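Chain by chain, the residues run as shown.
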Amino acid sequence: MQIKPREKFPHPAHVPARSRKKFTIMVILSIFQSVEFYVILTVVAAAVVALCARPSSLGPVDTHLLSAWFIPGDPDAEPGICCECLDSGDVLIRRVGLPDMGSNGTAALAITKKGNDLHIIERLTPSPVFVVNGERPEPLTEAVFTLDFLGQGWYHIKYEGSGSRFAAFSLHVRPGIRLCRPLIQ
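Computed from a predicted model, the values in this text were never measured in an experiment.

## Overview of the environment of Phe 37
No. 1: Positionally, Phe 37 belongs in helix 2 (residues 35–53).
No. 2: According to the relative accessible area criterion, Phe 37 is partly exposed, its value standing at 24%.

## Some remarks on the sheet that holds strand 7 (residues 140–147)
No. 1: Overall, antiparallel pairing links the five strands, which are arranged 2-7-4-3-10 in an open sheet. Where the open sheet ends on each side, the last strands, each with one partner, are strand 2 (69–72) and strand 10 (178–182). For this sheet the average axis-to-axis angle between neighbouring strands, irrespective of direction, equals 25°.
No. 2: Here six bridges tie strand 3 (residues 80–85) to strand 4 (residues 91–96), and the two strands are oriented antiparallel to one another. Residue pairing across strands places Cys 83 opposite Ile 93, the latter belonging to strand 4.

## Description of the environment of Ser 162
No. 1: Locating Ser 162 in the fold gives a position in the loop between strand 8 (153–160) and strand 9 (166–173).
No. 2: Once the C-alpha coordinates of Ser 162 and Thr 125 are considered, the two residues, 37 residues apart in sequence, prove to be 10.0 Å apart.

## A short note on a nonpolar patch on the surface
No. 1: Where nonpolar side chains cluster on the molecular surface, the patch consists of Ile 25, Leu 29, Phe 32, Tyr 38 and Leu 41 and spans about 490 Å² of accessible area.
No. 2: Listed by contribution, the elements that provide at least two residues to the nonpolar patch are helix 1 (17–30) and helix 2.
No. 3: In this fold, Leu 41 is placed in helix 2.

## Describing the confidence of the model for the protein chain
No. 1: In the predicted model, the protein chain carries a mean pLDDT of 86, and 88% of its residues have values of at least 70.
No. 2: Per-element confidence in the protein chain ranges from a low mean pLDDT of 76 for helix 1 to a high of 95 for strand 3.

## Re the sheet that holds strand 6 (residues 117–125)
No. 1: Here we have five strands laid out as an open sheet, ordered 1-5-6-8-9, and mixed in their pairing. In the strand order of this sheet, the two ends are held by strand 1 (61–67) and strand 9, each with one partner. In this sheet, adjacent strand axes meet at a mean angle of 20° when their direction is disregarded.
No. 2: As paired strands, strand 5 (residues 106–114) and strand 6 are joined by nine bridges and run antiparallel to one another.

## Structural notes on the state of the cysteines
No. 1: All told, the structure shown has one disulfide when counted by the stated rule.
No. 2: The thiol of Cys 83 is not disulfide-bonded; the next cysteine sulfur, from Cys 85, is found 7.4 Å away.
No. 3: Given a relative accessible area of 3%, Cys 83 falls into the buried group.
No. 4: Using a relative accessible area of 3% as the deciding quantity, one classes Cys 85 as buried.

## So, the pattern of salt bridges
No. 1: Evaluated as defined, the whole model comprises four salt bridges.
No. 2: Taking the shortest distance from any N to any O, the salt bridge between Arg 94 and Glu 142 comes out at 3.2 Å. On the criterion of sequence distance, the pair formed by Arg 94 in strand 4 and Glu 142 in strand 7 is long-range, its members being 48 residues apart.
No. 3: A salt bridge links Glu 122 to Arg 95, with the nearest nitrogen and oxygen atoms 2.7 Å apart. Here Glu 122, found in strand 6, pairs with Arg 95, found in strand 4; they are 27 residues apart in sequence, far enough to count as distant.
No. 4: The buried category is assigned to Glu 122, whose relative accessible area is 1%.

## Describing the nonpolar core
No. 1: Val 91, Ile 111, Phe 145, Leu 147, Leu 150, Phe 169 and Leu 171 are the most contacted members of the largest nonpolar core, which totals 30 residues.
No. 2: Those elements that place two or more of their residues in this core are strand 3, strand 4, strand 5, strand 6, strand 7, strand 8 and strand 9.

## As for the environment of His 64
No. 1: On the secondary structure map, His 64 appears in strand 1.
No. 2: Residue His 64 is classed as partly exposed on the basis of its relative accessible area of 23%.
No. 3: Residues His 64 and Ala 110, spaced 46 residues apart in sequence, show a C-alpha to C-alpha distance of 5.9 Å.
No. 4: Not counting the four nearest positions on each side in its chain, His 64 is found in contact with Leu 109, Ala 110, Ile 111 and Phe 149.

The rules behind each value
- Residues numbered from 1 in each chain as written.
- Predicted model: local features only at pLDDT ≥ 70, side-chain atom pairs only at ≥ 80, totals over all residues.
- Heavy atoms only, no water.
- Helix = DSSP H or I, 4+ residues; strand = E, 2+ residues; numbered from the N terminus.
- Buried < 20%, exposed > 50% of the residue type's maximum accessible area, 1.4 Å probe, protein only.
- Pairing = 2+ DSSP bridges.
- Axes fitted to C-alpha atoms, helices over the stretch in contact; angles between N-to-C directions.
- Patch = residues over 30% accessible without salt bridge, like charges linked within 9 Å, V, L, I, M, F, W, Y side chains within 5 Å.
- Areas by Shrake-Rupley, 256 points an atom, 1.4 Å probe, with all protein chains shown as cover.
- Salt bridge = Lys/Arg side-chain N within 4 Å of Asp/Glu carboxyl O.
- pLDDT = per-residue confidence, 0-100.
- Disulfide = S-S within 2.5 Å.
- Core = buried A, V, L, I, M, F, W, Y, C linked by side-chain atoms within 4.5 Å.
- Contact = heavy atoms within 4.5 Å.

See the structure below:
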């Protein structure tokens, strides 16, 4: 018995055009069955989602320095902050639960505004409380700040109080909105 030699593949010129067309389509469709194709497709889809979810530019960074005026308040109140949006568009921040600041004490805020993100750092300097004519004055335990540079919208606020206390929250600046948050240690 004689073994026939293998037939060689025919030259492409000798293959009918219809068969070449089917072969080309099969090669192209075989890409969809490979793992590499789906890995590349997943990476491209993740890149498109990342570009769509990217935040817009935040704009310039502004720093504002504010000083407070003091009012009498509850000396036993827990440390916290209360925000109130006024009809004029200003925002009042009331810091409660302070030690008695005395008549010459100071409270200041350094506010860094980056887009709609506010980073607020508080600095307190109490003064000695003087007794006048044997009477101790009413304790000044609340500080009030006025923010007049915010427009309407949502703001993400990180407030760093003195003594490693902080609060983080979102505030919708719109007339009539009030919000109180405790300062956590």
